[in-house]
Amino acid sequence: MYALMLLIASRALAAESHTDQSEYLLQETPASNVGFTGDWGGVRTRAASDGLTLSGGYVSELAYNASGGQKQEAAEAGEIDLGLAADLARLAGVRGGVFKATLTDRRGTNLADSAGLGVFQEVQEINGRGHTWRLTQFWYEQSVGAVDIKIGRDPPNDDFAAFSCDFQNLSFCSAAPGNIVTDTWFNWPIAEWFARLRIDVREAYIQTGAYVDNPRDLDGGVTLGHIRGATGALYPVEIGWSPTFAERAGSYKIGGWYSSTDIPGSQPLQIPDNDSAGPIIPTTPTRASRFGGWINLEQNLGLLPTTGGAGLSVFFNLTQADRHTSEIDQQIAAGFFYEGLFPGQPKDVIGFGLARTHLSSALHAQSAANLPTGAKGAEYVAEAYYGFHPLSWMSFSPNLQVIGHPGAVRSGRPVVVLGLKAGIQL
């Protein structure tokens, strides 16, 4: 079953620009490369010329724990995305206007749970937030000169702290704040009501947004969202710079967020007066707000002879959360992509990354009941993958993951995972 699914499911890894996962699956493709379903008798080409792009993809992630965990087994999980993008300048004469809608569906098995790996970050990043259809994107964007406004429903990782999902381990995928602060920052495929303002200045930009924090958005099913049930809002801000040094492109981003949602905080125990009757009862008061920040750096170096690919690119991501309100308070990831190393394969990519996910010491005592025995410090991950393209609309990425101190348990046996990430453009 796994082999059949992987033969029909692979993924286009837009390696020149390591953008977020949704952009891989739903990127606009030329008429000569519209995916395995073809041009539908010219329908897609004609629609694209009129400003309407229909797109989609399927991602499959197979994982097998060769070492570590409570038992050894293989598991496969996947996601299908179906998207529509409308260029309103062509369709209706509205210059700078774009509308986008995306349906997603996740399915399969999470190896981290089924094999009892005890890890903080999933070894199949495609898992999470339930196996159900969702309306993940439904927004309108309007550009007027240097000003860009976007409003509707969307996950914050589409615009803020965005990073690629070339790797299979979650430590290297998408916006890290949504991977470690999961109760107030909802990454793909969870959509929230939002508004975002961006101003471009030459090679730089500044942007800010507001996302309604509503736990009901986590419920399954296709919906335009909920009005009631909001608990606060997430307010991210980001400054970015995309310079070119000696014809080598770079991306440098720094940002932060503030959440107005009240959440449990780490506070001293409340001890009754000596004259008070009854036992000493610890309390867990609420702490208004949560905050944090991130740095995302990526630079193409182009080193070593290449065969038409982009060459060597390096990256560094640092995310710091409020250690008094976040069980996981820091994540650091660094590594490289090398595109076009082998003759005749200009778009093949080799990737390598190292990551550290740190457990908050301030919340450790309070959260001890929910953590593995002996959890303290950090979890460490290394992953290497090779992405290749048998066909223009198909690619495979076999990978090797090694997780040290899984779940921040220093005495825990290292977890070794053999993976295969695959996908197809429809």
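Our subject is the structure listed above.
Quick notes on the rules
Residues numbered from 1 in each chain as written. Predicted model: local features only at pLDDT ≥ 70, side-chain atom pairs only at ≥ 80, totals over all residues. Heavy atoms only, no water. Helix = DSSP H or I, 4+ residues; strand = E, 2+ residues; numbered from the N terminus. Contact = heavy atoms within 4.5 Å. Polar contact = N/O pair within 3.5 Å; in protein donor to acceptor, adjacent residues only side chain to side chain. Core = buried A, V, L, I, M, F, W, Y, C linked by side-chain atoms within 4.5 Å. Buried < 20%, exposed > 50% of the residue type's maximum accessible area, 1.4 Å probe, protein only. Disulfide = S-S within 2.5 Å. Patch = residues over 30% accessible without salt bridge, like charges linked within 9 Å, V, L, I, M, F, W, Y side chains within 5 Å. Areas by Shrake-Rupley, 256 points an atom, 1.4 Å probe, with all protein chains shown as cover. Salt bridge = Lys/Arg side-chain N within 4 Å of Asp/Glu carboxyl O. Phe/Tyr/Trp six-rings, centres within 6.5 Å; stacked < 30°, edge-to-face > 60°. Lys NZ or Arg CZ within 6 Å of the ring centre and 35° of its normal.

Considering the environment of Glu238
Then step 1. With respect to the secondary-structure elements, Glu238 resides in strand S8 (residues 232–241).
Then step 2. Taking the C-alpha atoms as reference, Glu238 lies 8.8 Å from Trp257; in sequence the two are 19 residues apart.
Then step 3. Every residue in contact with Glu238, bar those within four places of it in the chain, is listed here: Asp159, Phe160, Ala161, Tyr205, Ile206, Gln207, Lys253, Ile254, Gly255 and Trp294.
Then step 4. Reaching out from Glu238, the side chain makes a polar contact with the side chain of Trp294 at a distance of 3.0 Å.

A look at the nonpolar core
Then step 1. Residues Leu111, Leu117, Val123, Phe172, Phe337 and Ile403 are the most contacted members of the largest nonpolar core, which totals 21 residues.
Then step 2. For this core, the elements supplying multiple residues, two or more each, are helix H5 (111–114), strand S13 (328–339), strand S14 (349–359), strand S15 (378–391) and strand S17 (415–425).
Then step 3. Setting aside residues no more than four positions away along its own chain, Phe172 makes contact with Phe163, Ser164, Phe167, Phe315, Ala333, Gly353, Leu354, Ala355, Val381 and Glu383.

A short note on the state of the cysteines
Then step 1. Counting across every chain of the model gives 1 disulfide.
Then step 2. The disulfide bridge from Cys165 ends at Cys173, spanning 1.9 Å between sulfur atoms. Taking the torsion about the sulfur-sulfur bond, which here is approximately 70°, the covalent link between Cys165 and Cys173 counts as right-handed. Of the two residues examined, Cys165 and Cys173, each falls in the buried class.

Side note on unusual backbone geometry
Then step 1. In this model, Trp188 is joined to Pro189 through a cis peptide bond whose omega is 15°.
Then step 2. Locating Pro189 in the fold gives a position in the loop between helix H6 (176–180) and strand S6 (192–201).
Then step 3. Look at Trp40: it is not a glycine, yet its phi comes out positive at around 55°.
Then step 4. Summarising the element assignment, Trp40 is placed in the loop between helix H2 (21–26) and helix H3 (43–49).

Section: a nonpolar patch on the surface
Then step 1. Residues Val147, Ile149, Leu197, Ile199, Val201, Ile206, Val237, Ile239 and Ile254 make up a contiguous nonpolar surface patch of roughly 710 Å² in combined accessible area.
Then step 2. Among the secondary structure elements, those contributing two or more residues to the nonpolar patch are strand S5 (147–154), S6 and S8.
Then step 3. Among the elements that make up the nonpolar patch, the one with the highest residue count is S6 (3 residues).
Then step 4. Turning to its location among the elements, Ile206 is positioned in strand S7 (residues 204–213).

Concerning the packing of aromatic side chains
Then step 1. Inspection of the entire model under this criterion finds 21 aromatic pairs.
Then step 2. Between Phe160 and Tyr211, the ring centres sit 6.2 Å apart and the planes meet at 85°, which makes this aromatic pair edge-to-face. Linking Phe160 in the loop between S5 and H6 with Tyr211 in strand S7, this pair joins segments that are 51 residues apart in sequence. Here Phe160 and Tyr211 have matching classes, each one buried.
Then step 3. Arranged with centres 5.9 Å apart and planes meeting at 85°, the rings of Trp241 and Phe245 form a pair that is edge-to-face.
Then step 4. The class of Trp241 is partly exposed, set by a relative accessible area of 39%.
Then step 5. Aromatic rings pair up to connect Phe163, Phe167, Phe172, Phe315, Phe337 and Tyr385 into one cluster.
Then step 6. When the ring centre of Trp40 is taken as origin, the NZ or CZ atom of Arg44, which lies over that ring, is 4.6 Å away.
Then step 7. Sitting over the ring of Trp139, Lys150 keeps its end group 4.2 Å from the ring centre.

Observations regarding the pattern of salt bridges
Then step 1. With the rule as written, the count across this model stands at 14 salt bridges.
Then step 2. For the salt bridge of Arg107 with Glu76, the shortest nitrogen-to-oxygen distance reads 2.8 Å. Here the residue Arg107 occupies a position in strand S3 (residues 97–108), and Glu76 occupies one in strand S2 (residues 74–87), the gap between them amounting to 31 residues.
Then step 3. Its relative accessible area of 2% is what places Glu76 among the buried residues.
Then step 4. Asp159 is the partner of Lys150 in a salt bridge, and the nearest nitrogen-oxygen pair spans 2.9 Å.
Then step 5. Since its relative accessible area comes to 5%, Lys150 is described here as buried.

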